[in-house]
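Each chain is listed here by its residues.
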Amino acid sequence: MTTPERSPDRASVRYHDPRDGRPGPDGPDGVQVAFSNVPFDMLLDWLVALEKQSSVAVEAASFTTAKQKGIVNGQLTLRR
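Rules used throughout
- Per-chain numbering applies: the sequence of each chain, read as written, is numbered from 1 onward.
- Side-chain atom pairs in this predicted model are given and counted only at pLDDT of 80 or more, local residue features only at pLDDT of at least 70, and totals for whole chains, interfaces and linings cover all residues.
- Note that the side-chain values use all heavy atoms of the structure and ignore hydrogens as well as water.
- Stacked, tilted and edge-to-face are the three classes assigned to paired rings of Phe, Tyr and Trp, where Trp is represented by its six-membered ring and a pair needs centres within 6.5 Å; plane angles under 30 degrees give stacked, over 60 edge-to-face, the rest tilted.
- Numbering of helices and strands starts at the N terminus; helices are DSSP runs of H or I of at least 4 residues and strands are runs of E of at least 2.
- Partly exposed describes any residue whose relative accessible area lies between the buried limit of under 20% and the exposed limit of over 50%, with all areas from a 1.4 Å probe on protein chains only and scaled to the type maximum.

A. Local environment of the packing of aromatic side chains. In the structure shown here, the tally under the stated rule is 2 aromatic pairs. Both rings, one in Phe-35 and one in Phe-63, keep their centres 6.0 Å apart while their planes meet at 55°; by these two values the pair is tilted. Linking Phe-35 in strand β3 (residues 30-39) with Phe-63 in strand β4 (residues 57-65), this pair joins segments that are 28 residues apart in sequence. Classification of Phe-35 as buried rests on a relative accessible area of 3%. Judged by centre distance (5.6 Å) and plane angle (80°), the rings of Phe-40 and Phe-63 are edge-to-face. With a gap of 23 residues between them, Phe-40 in helix α1 (residues 40-54) and Phe-63 in strand β4 connect regions that are remote in the sequence. Three or more aromatic residues joined by ring pairs form one cluster here, namely Phe-35, Phe-40 and Phe-63.

Next comes the structure, spelled out in structure tokens:
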């Protein structure tokens, strides 16, 4: 997978494994990703790039707002 070209301060991304609640794969063609303190606009740019360059699509998404405006936490299920 591609990664964002810019990394925000204190942002984190991790894979989520539904079998044990930890980051990891989701079947043979998917992955669950958890993230925190990520700029929403940067996240959208990254997801668009994943779709265009690697045919990776968002299957499910869950977001919560962080303390700072425009910053989000959440989880994604990505599938190819």
